[in-house]
Amino acid sequence: MKKNIIVAGQLSEAQRQELEPHAHLIDLGKPLNADDAEVKAALADAHGIIGSGFTIDDAFLDAAPKLKAVTLFSVGYDTMDVDALSKRGVLLCNAPDVLTETTADLAFTLIMSSARRVVELAEWVKAGKWQKSPGPELYGSDIHGKTLGMVGLGRIGAAVARRGALGFGMKVRYALSSPKPDLERELGATRCELDELLAESDFVCLTVPLTRKTEKLIGAEQLAQMKDSALLVNISRGKVVDEAALIEALKAGTIRGAGLDVFEQEPLPADSPLLALPNVVALPHIGSATSETRLAMAQRAVDNLTRFLQGQPPISPVNAEALNQQ
Ligand code: NAP
């Protein structure tokens, strides 16, 4: 019998056709909020959920007693209570690898646009201010040859570091990661403590997942350790940074600027002080947002789900142990 699967995201027609022999797809077309009556009714009978952009906690799971699998489009699963899912024998799968290079491209876009003041100067041109060549007050800073501090050196971190070292001749330092001897050999990267990385880097790039340990990892104390010429780039999750402290540092000029794809609250409120700062490049969480990669992320979630529904091991389980309880 076909299982009820809630679709919370964009699937292509081909992907829907792949799932349809095994699943009765339910598109609610609204956020998966368990307080909503229609969502609640769908959850009561749901065997699986595929998609992204929702939060699962104990209360959500109370509303979904038949749930057996959640396959995410994203690699990050900080909005999922993994312990609660595991306790109830609900399999969780994420989508690593397929978005690594695209997200690294975006991290580098932020490095480059912050350093060379691309957004600020493009707006300056559009505002008709280009009456003569920009003077020193509008100069950017070099990227090549500078020190790139990678906070986290996992899949995406390594791809960013590779761009920096091999493409721009940057010196790579890394912290908050297990030793990566292969990358040290390939890129000349050196591992250090976070304090040392913050003090030495011209670019500090955050690529750690959001966990209890990394929440507000970069606060006032850490920002104060950075050079006043340094730029902070965050493509991980907004809550890894204490945003109020970052705003203070940017206003006071104790760091030079920030390139941010992620924020404490998303969508970023229109009255956020970050938006009034010329030394901030703010993007709407688009690390993986290319047509090719979003399709590949959805495909990973489809592959995980079809394998699960056919009794085969999923490709990228987060809590494979949950399968033992089903
Ligand atoms: P990954 O391969 O797991 O890399 C994570 C890195 O962080 C590893 O080096 C890991 O150390 C390190 N780390 C430090 N503290 C950690 C902790 N408490 N728990 C787990 N790891 C810790 O992940 P990834 O694929 O590179 O993705 C990283 C994050 O990027 C995702 O979790 C997501 O939040 C974010 N992301 C954002 C976007 C976007 O659109 N902006 C897109 C994709 C991903 P070890 O090397 O020792 O494991």
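Rules of the game
- Residues numbered from 1 in each chain as written.
- Predicted model: local features only at pLDDT ≥ 70, side-chain atom pairs only at ≥ 80, totals over all residues.
- Heavy atoms only, no water.
- UniProt positions renumbered as here; feature names shortened; annotations may be inferred.
- Helix = DSSP H or I, 4+ residues; strand = E, 2+ residues; numbered from the N terminus.
- Rg over C-alpha atoms; globule rule 2.2 N^0.38 Å.
- Buried < 20%, exposed > 50% of the residue type's maximum accessible area, 1.4 Å probe, protein only.
- Contact = heavy atoms within 4.5 Å.
- Lys, Arg positive; Asp, Glu negative; His and termini not counted.
- Charge placed at Lys NZ, Arg CZ, Asp CG, Glu CD.
- Salt bridge = Lys/Arg side-chain N within 4 Å of Asp/Glu carboxyl O.
- Arc of directions from axis to C-beta.
- Polar contact = N/O pair within 3.5 Å; in protein donor to acceptor, adjacent residues only side chain to side chain.
- Near = heavy atom within 4 Å.
- Pairing = 2+ DSSP bridges.
- Right-handed = clockwise from strand over helix to strand, strands pointing away.

- You'll find the protein entered in an unreviewed UniProt entry as D-glycerate dehydrogenase, with Halomonas dongshanensis given as the organism.
- Under the UniProt heading Sequence similarities (unreviewed entry), the note attached to the protein is "Belongs to the D-isomer specific 2-hydroxyacid dehydrogenase family."

## A look at the overall build of the protein
Then, in step 1: A tally of helices and strands in the protein yields 12 helices and 12 strands.
Then, in step 2: Taking 2.2 N^0.38 as the reference for a compact globule, 326 residues should give roughly 20 Å; the C-alpha atoms of the protein span a radius of gyration of 22 Å, in line with that estimate.
Then, in step 3: In terms of overall dimensions, the protein has C-alpha extents of about 70 × 45 × 35 Å along its principal axes.
Then, in step 4: Of all 326 residues assigned to the protein, the portion counted as buried reaches 50%.
Then, in step 5: Considering only residue pairs separated by 6 or more positions, the protein has 62% of its internal contacts joining residues 24 or more positions apart.
Then, in step 6: Distance between charge centroids for the protein: 2 Å, based on 34 positive and 42 negative side chains.

## Here's the deal with the pattern of salt bridges
Then, in step 1: Inspection of the entire model under this criterion finds 15 salt bridges.
Then, in step 2: With a shortest N-O distance of 2.8 Å, Glu38 and Lys30 are connected by a salt bridge.
Then, in step 3: Of the residues examined, Lys30 reaches a relative accessible area of 30% and is grouped as partly exposed.
Then, in step 4: Residue Arg88 is joined to Asp58 by a salt bridge in which the shortest nitrogen-to-oxygen separation is 2.7 Å.

## Concerning the UniProt feature "domain: D-isomer specific 2-hydroxyacid dehydrogenase NAD-binding" (unreviewed entry) in the protein
Then, in step 1: Mapped onto this numbering, the UniProt entry gives "domain: D-isomer specific 2-hydroxyacid dehydrogenase NAD-binding" (unreviewed entry) at residues 109-287.
Then, in step 2: Between the first and last C-alpha atoms of residues 109-287 the distance is 10 Å; the span itself is 34% helix and 15% strand.

## A look at helix α2 (residues 37-44)
Then, in step 1: Within α2, burial applies to Val39, Ala42 and Leu43. Relative to the axis of α2, the buried residues are bounded by an arc of 100 degrees and lie together on one face. Exposed and facing more than 90 degrees away from the buried side of α2 are Ala37 and Ala41.
Then, in step 2: Buried-residue contacts for α2 involve β1 (3-8), β3 (48-51) and α3 (58-62).
Then, in step 3: Its side-chain oxygen 2.9 Å from the backbone nitrogen of Glu38, Asp36 forms the N-cap of α2.

## Things to note about the site of the ligand
Then, in step 1: Around the ligand there are 26 residues in total, and Arg155, Ile156, Ser178, Lys180 and Asp261 lie nearest to it.
Then, in step 2: Contact distances for the ligand include 2.9 Å between an oxygen atom and a backbone N or O atom of Arg155.
Then, in step 3: Contact between the ligand and Ser178: an oxygen atom at 2.8 Å from a main-chain N or O atom of the residue.

## Quick look at the UniProt feature "domain: D-isomer specific 2-hydroxyacid dehydrogenase catalytic" (unreviewed entry) in the protein
Then, in step 1: Listed under "domain: D-isomer specific 2-hydroxyacid dehydrogenase catalytic" (unreviewed entry) in the UniProt record, and renumbered for this structure, are residues 7-319.
Then, in step 2: In the segment residues 7-319, helix accounts for 36% and strand for 14%; the C-alpha atoms at its two ends are 21 Å apart.

## Quick notes on the pairing of strand β2 (residues 23-27)
Then, in step 1: The sheet contact formed by β1 and β2 spans 5 bridges and is parallel. Bridged to Asn4 within β2 is His24.
Then, in step 2: For the crossover from β1 across helix α1 (residues 13-19) to β2, the handedness is right-handed.

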